[in-house]
Amino acid sequence: MNKTAILTLSLLAVLAAGCRTGSSPDLKLNDLEYFERQGVNVLVYNNTFSGGFNDEKNSGIEIIHHGVRTVQGGAIRLCNTPEQWDLVPTTVSRDVNAADNSVEVALRYEDYDFDSRIVVTGKGPAVEIAVYLDKPVPKELEGDAGLNIEFLPSQYWGKTYMMDGRLNRFPRYSASETVARPNTEKVKQFKGYRTYDDRGTGEFVDPLPMETGRAITLAPDDPERMIRITSDSEFSLYDGRILAQNGWFVLRTVLPAGQTGKVVSWMVEPNAIDGWIREPNVGYSQVGYQPGQPKVAVIELDKLDKPRATASVWRIAEDGSEKQAFSGKVSEWGPYYKYNYVKFDFSELTTPGIYYIKYGDVRTGNFLIDDSVYDKITDATSDVWIPIHMNHMTVNEGYRIWHGEPFKEGYLQAPANTDHFDLHSQGVIDTKYKALELIPGLNVGGFFDAGDFDIETGSNISVVQNLVTLWEVFKPMRDETFVDEDQRYVDLHRPDGIPDVIQFIEHGTLNLVAQAENIGHMSQTLSNSVLDNYHHLGDAAAITDGLHYDPRLKPYQKSADGKSSGTPDDMWAFTTRNPGLDIRAATMFAAASHALEGYNDALAARALAASKRLQKEANEILSARASQNPGANGRMRMAGNDLGTNLQLYVATGDKSYLDRFESQIWDALERNATNTISTAMDAIPHLDKEYRDKLVPYVEKYKEYLDSFEEENPYGVPIGLGNWAGSGSVVSFGTTASFAAKYFPEIIDKSYAYKATNYLFGCHPYHNYSLVAAVGAARPKAVFYGNNRADFSFIPGNVAPGVLFRHPDHFENYDDWPFLWGQNEGTIAGNTGYLIFGQAFMNIVRQ
Ligand SMILES: [Ca+2]
Ligand SMILES: [Ca+2]
Ligand SMILES: [Ca+2]
């Protein structure tokens, strides 16, 4: 967007704001195709159930109520309190009828040949949600198919509600009633998997309603959350948390059997506070600023809010007194999606101290200006988050065991043609093992993927690669973790004389080498075999019983020798060979081998042997495939000969022929796409001469244009992802590449770009201003994350949240009272080791 356009748009925004003040209190469809009045947005399938993991609590009819998305999941659903893997409808069509002020969606359950239509019509301050059927509910779904809508527990618990005039309060914790019903009555779940373990009873648990009636008022005690809903037929209110900790409050009307036409009608009236304007979100770095760095707060404003002319910074003295230290102009940036943005530059303030920003009535949390503010930004990640994610170990911290030793029984060969619930599958068996046979030696090393406990091989390869990069480039000698692979024991905050990074490299390599040696090639994943333990929360050692599964035993029976059980909970190895993954592993093994030399020579030798064998075999497979399918030849050979691989192999082996190959490819690649290639190109600088570095200059200049383009694209000046998984990862890579560029080309790329990345991560971003990195040096880091302790509404220190998630068509959000949305709150092992590299590269340039 160019500056003129920005000015024009902001002018339009001000004009539009002027027109809308005192606008009608009716919910009207706007140009973005949702119902709007100030303080209330009603979205009708602007987001559909197609995110990748079934019910992501992000879809259907949704309400953004005074700035917070508190209601979603409005749909025809097949149970009282749907879980993630319950069937979701596909959206066959979505028609917006501006003249009627209505939106109609056609929904379909393919498994049951069941079609329905939902029509949402704005009627004054309310919307009518009506369900139409052209054919009656299929017999097998009678009593199951219903109109559901879901309310965010953390925004409603503790608040009152009235059903047909009866008084109630939303419970802080679920303790309502359930009933056990025969499994034959359970509507099938995703691909026939089951989210529950019936312990041999043949029964599933069904929640009973907390209340039933025809009129409900939610939160009459809280104008921001109050909603009135009436129905032409009975509805019931359920607490979804009774089945699954991530469940929501659900209001539901079961569709009548044998009827067609308009079968259900609800009137939904969300309260709108008269004259409500969202409080400004003053974005600033909660970790603070170095005295000489740029300091720009980005202030996110309601479009009806009139920007102030000035803002100020106040200093807190050692005696607790406060004094204004700086006052300056606020400049307009303009509209970006739902809000309007202004900026406040206080770079002139350079005196070390404790400060806060005042913008109108808003007073931010305090922050420091000091040279030392960034010194500890990676410590929690390296000392706490990463060791807690070490698999096959007991992990202790002080008085607390984070988890015992998981998966002692090892991993079984996944049966052929198995689809899986975490986006994997097993094709034909391509190992020497039979289905469900134990593959020996895999229960060693490796890192939990994320908030779940599988070893995602691709991610673990990236992890080892990241850690080797960290080690080779920065040699961090930090030793705060005790790791004993023989005892299978990790103790946090206990130095053992060995740098932690080298121990993490060893731990990751141990599992990946075991895969190469015992499977013969890399697996896709080592993961859960049953859905009912995949969604495990808490101690990883409790996921399986640690005993080998023996199908000859009765379910849950233990063998006389205590070594096996009839519980089919053992993890599976999904072994379907992917030569591309093998090549990535070969590169990583070469790098790991180099890093481990002199520390664990035996493992280094195994890694190098695996590297050479996998590279040879994978290239043979690719060549064979290419000769069968000549069209794919170019693409497949590229996979085996990419730039990064050749560079890594040169570093690992010292073999000049790899470097020659790298040099023969790099310039074409830079010509094709400088921004994507510049990072790899810079990785080679330490290994090549000055002439190579100087030849990169024009591409770095091009890269600078790319970096600058974000200043015009959004108010934060960093890449902001709009996908289904929020974009902190892109900001981290942006910051990493910008930091390396500032190191090698300070005359072209100054440090300001890298500082933009830390600003964003540590609080200067849309929606709220909390630091996205758990527990890191901020007055207000985020309080909840999607880790394995998420049911405790807690976090694992050092986690980097994906962050601010975009919801179509114009809403950014990051829940900080509800940890369960992975797309905004889950950290991953590859992402968090990537953050370590960023942190080191960043500290390296800002200390210069
Ligand atoms: Ca996973
Ligand atoms: Ca150590
Ligand atoms: Ca077992």
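Basis of the calculations
- Residues numbered from 1 in each chain as written.
- Chains lettered and ligands numbered in written order.
- Predicted model: local features only at pLDDT ≥ 70, side-chain atom pairs only at ≥ 80, totals over all residues.
- Heavy atoms only, no water.
- Donors = N, O, S within 2.8 Å, 3.2 Å for Na, K, Ca; no water.
- Helix = DSSP H or I, 4+ residues; strand = E, 2+ residues; numbered from the N terminus.
- Buried < 20%, exposed > 50% of the residue type's maximum accessible area, 1.4 Å probe, protein only.
- Core = buried A, V, L, I, M, F, W, Y, C linked by side-chain atoms within 4.5 Å.
- Contact = heavy atoms within 4.5 Å.
- Tetrahedral: all angles 85-135°; square planar, octahedral: opposite > 155°, others 65-115°.
- Pairing = 2+ DSSP bridges.
- Axes fitted to C-alpha atoms, helices over the stretch in contact; angles between N-to-C directions.
- 1 Å grid on protein atoms, 1.4 Å probe; cavity = no way out; pocket = protein on both sides within 12 Å on 5 of 7 lines; lining within 4 Å.
- Points joined across faces, edges and corners; volume = space filled by probe spheres on them.
- Nonpolar A, V, L, I, M, F, W, Y, C, P; charged D, E, K, R; others polar.
- Salt bridge = Lys/Arg side-chain N within 4 Å of Asp/Glu carboxyl O.
- Expected span 1.5 Å × (residues − 1).
- Patch = residues over 30% accessible without salt bridge, like charges linked within 9 Å, V, L, I, M, F, W, Y side chains within 5 Å.
- Areas by Shrake-Rupley, 256 points an atom, 1.4 Å probe, with all protein chains shown as cover.
- Lys, Arg positive; Asp, Glu negative; His and termini not counted.
- Charge placed at Lys NZ, Arg CZ, Asp CG, Glu CD.
- Phe/Tyr/Trp six-rings, centres within 6.5 Å; stacked < 30°, edge-to-face > 60°.

Enquirer: Talk me through the coordination of the calcium ion (ligand 3); I want residue IDs and the actual numbers.
Expert: Note on the calcium ion (ligand 3): its protein donors are Glu-409 (OE), Asp-545 (OD), Leu-547 (O), Asp-569 (OD) and Asp-570 (OD). The metal-donor distances range over 2.3 to 2.4 Å. Along the chain, the residues donating to the calcium ion (ligand 3) are arranged with the sequence spacing E-x135-D-x1-L-x21-D-D. One end of the pair, Glu-409, is in the loop between β28 (400-403) and β29 (411-413); the other, Asp-569, is in the loop between β38 (564-565) and β39 (571-574), and 160 residues separate them in sequence. Across the pair, Asp-569 and Glu-409 agree in class, each one buried.

Enquirer: Residue-level account of the nonpolar core, with values.
Expert: Nonpolar side chains tend toward joint burial in soluble globular proteins. With 144 residues, the main nonpolar core has Ile-505, Phe-589 and Tyr-692 as its most contacted residues. Every residue in contact with Ile-505, bar those within four places of it in the chain, is listed here: Val-464, Leu-467, Val-468, Trp-471, Ala-592, Ala-595 and Leu-596. Within the second largest apolar cluster, 55 residues are counted, among which are Val-127, Ala-219, Phe-249 and Val-268.

Enquirer: Go over the coordination of the calcium ion (ligand 2), please, and point to the residues and values.
Expert: Asp-479 (OD), Thr-481 (O), Asp-496 (OD), Ile-498 (O), Asp-500 (OD) and Gln-503 (OE1) make up the full set of protein donors to the calcium ion (ligand 2), lying at 2.3 to 2.4 Å. The coordination sphere of the calcium ion (ligand 2) comprises 6 donor atoms, whose angles at the metal cover 82 to 177 degrees; the geometry is octahedral. Mapping the donors of the calcium ion (ligand 2) onto the primary sequence yields the spacing D-x1-T-x14-D-x1-I-x1-D-x2-Q.

Enquirer: Please provide a residue-by-residue account of the sheet that holds strand β34 (residues 481-484), values included.
Expert: Taken in spatial order, the 4 strands line up as β28-β27-β35-β34 in an open sheet, and their pairing is mixed. The open sheet terminates on both sides in strands that have one partner only, identified here as β28 and β34. Put simply, the sheet's adjacent strands are angled 20 degrees from each other on average, direction ignored. Sheet analysis places strand β27 (residues 394-397) next to β28, joined by 3 bridges and oriented antiparallel. Residue pairing across strands places Asn-396 opposite Ile-401, the latter belonging to β28. On top of the sheet, helix α3 (residues 379-388) reaches β27, β28, β34 and β35 (489-492); it is set at about 150 degrees to β35, its chief contact.

Enquirer: An account of empty space enclosed by the protein is requested, with residue identities and associated values reported.
Expert: Per the counting criterion, the structure on display carries 2 cavities of 30 Å³ or more. Lining the largest cavity, in full, are Asp-55, Glu-56, Lys-57, Glu-83, Gln-84, Asn-246, Phe-820, Leu-821 and Trp-822. Estimated volume of the second largest cavity: approximately 30 Å³. Contributing to the lining of the second largest cavity are Glu-300, Tyr-336, Tyr-337, Lys-338, Tyr-339, Tyr-341, Pro-766, Tyr-767, Asp-810 and Phe-812. Grouping the amino acids of the lining of the second largest cavity by side-chain chemistry returns 7 nonpolar, no polar and 3 charged.

Enquirer: With reference to specific residues and values, describe the pairing of strand β9 (residues 126-133).
Expert: The element β9 is extensively covered by neighbouring structure, given that 7 of its 8 residues are classed as buried. Bridge analysis of strand β8 (residues 114-123) against β9 gives 7 bridges, and the strand direction is antiparallel. Paired with Ile-118 across the strands is Val-131, a residue of β9. The antiparallel pairing of β8 with β9 creates a hairpin that spans 2 residues between the two strands, and Gly-124 there sits at a positive phi of about 60 degrees. Across 7 bridges, β9 lies against strand β18 (residues 261-270) in antiparallel orientation. Residue pairing for β18: Leu-133 is matched across the bridge by Gly-261.

Enquirer: Any chance you could break down the pattern of salt bridges for me, citing the residues and the numbers?
Expert: All told, the structure shown has 45 salt bridges when counted by the stated rule. A salt bridge links Arg-363 to Glu-322; its shortest N-O distance comes to 3.1 Å. Here Arg-363, found in strand β25 (residues 362-363), pairs with Glu-322, found in strand β22 (residues 322-336); they are 41 residues apart in sequence, far enough to count as distant. Two residues, Asp-708 and Lys-704, come together in a salt bridge whose shortest N-O distance is 2.9 Å. With Asp-708 and Lys-704 both in helix α14 (residues 697-713) and 4 residues apart, this pair spans about one turn of that helix. Here Asp-708 falls in the partly exposed class, since its relative accessible area comes to 29%. One network of salt bridges, in which partners are shared, links Asp-55, Lys-57, Arg-77 and Glu-150.

Enquirer: Which residues make up the sheet that holds strand β32 (residues 438-439), and what values do they have?
Expert: The sheet built from 5 strands is open, its strands ordered β32-β29-β39-β36-β33 with mixed pairing. Edge positions in the open sheet fall to β32 and β33 (455-456), since each of these has one partner strand only.

Enquirer: Got a sec to walk through helix α4 (residues 457-474)? Specific residues and values, please.
Expert: The end-to-end C-alpha distance of α4, which contains 18 residues, comes to 25 Å, matching closely the 26 Å that a straight helix rising 1.5 Å per residue would cover. In terms of residue burial, α4 counts as a mostly covered element, since 14 of its 18 residues are buried. Looking one or two residues beyond α4, the residue adopting positive phi is Lys-475, at roughly 45 degrees.

Enquirer: Got a sec to walk through a negative patch on the surface? Specific residues and values, please.
Expert: Taken together, the side chains of Asp-655, Asp-660, Glu-663, Asp-689 and Glu-691 make up a negatively charged region of the molecular surface. Along the chain, the position of Asp-655 falls in the loop between α10 (643-653) and α11 (656-672).

Enquirer: Describe the packing of aromatic side chains, listing the residues and the values that go with them.
Expert: Counted according to the given criterion, the structure contains 54 aromatic pairs. For the ring pair Trp-85 and Tyr-534, a centre distance of 5.9 Å and an interplane angle of 75 degrees mean the geometry is edge-to-face. Note that Trp-85 is positioned in the loop between β5 (68-77) and β6 (90-97) and Tyr-534 in helix α6 (residues 531-534), a separation of 449 residues in sequence. In this pair, the class of Trp-85 matches that of Tyr-534, namely buried. With 6.4 Å between their ring centres and 50 degrees between their planes, Tyr-196 and Phe-204 make a pair best called tilted. A residue is classified by how much of its surface remains accessible, and Phe-204, at 3% relative accessible area, is buried.

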